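Notes for the structure review
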Amino acid sequence: MAALFSDALFLPALVLAALAFAVPRFLARVLPEGVKPLLLNAFFSTMILFALSAAFFVVLYVWQGLSWADLTEGGVAESVAFFGRLGLIAALIWAPIMVLSVAGLPRKWVKETW
């Protein structure tokens, strides 16, 4: 199961895609309806998904046997930059799904109209 989850591309991509769909939907419950809150939702979703995808890669590296000492061997700042780059690269997977999820939110508005 560990090999299927971390070595293959399918399940990590599926997890990132599910997060990209769920995060804007969850934030829509907290934020009010309207165009400005919708733009805030997109911004907050982007920041949250970036952080979650970087953290997801940290978990995958640890899952495959890399120790915390090995992760920070070159320095904490270098490790943060490395996993930040991986989080940005993962945006190729989660960004289109997040945009579609945010774009579908106005259909569920009750008080505001698009």
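Heads up: the structure comes first, above all this text.
Residues numbered from 1 in each chain as written. Predicted model: local features only at pLDDT ≥ 70, side-chain atom pairs only at ≥ 80, totals over all residues. Heavy atoms only, no water.

1. Considerations on the nonpolar core
The biggest cluster of nonpolar side chains holds 21 residues, and the ones touching the most others in it are Leu49, Phe57, Phe83, Trp94 and Met98. Mapped onto this core, the elements with two or more residues apiece are helix 2 (10-30), helix 3 (35-63), helix 5 (76-89) and helix 6 (91-103). No other element matches helix 3, which puts 7 residues into this core. Each residue touching Phe57, except ones within four places of it in the same chain, is listed here: Phe83, Leu86, Gly87 and Ala90. (Core = buried A, V, L, I, M, F, W, Y, C linked by side-chain atoms within 4.5 Å. Buried < 20%, exposed > 50% of the residue type's maximum accessible area, 1.4 Å probe, protein only. Helix = DSSP H or I, 4+ residues; strand = E, 2+ residues; numbered from the N terminus. Contact = heavy atoms within 4.5 Å.)

2. Some points on helix 3
With 29 residues, helix 3 extends 41 Å from end C-alpha to end C-alpha; this agrees with the ideal 42 Å at 1.5 Å per step. Three or more residues of helix 3 are buried, namely Pro37, Leu38, Asn41, Ser45, Leu49, Ser53, Ala54, Phe56, Phe57, Val58 and Leu60. Trailing helix 3 by a residue or two, Gly65 shows a phi angle of about 110°, which is positive. (Expected span 1.5 Å × (residues − 1).)

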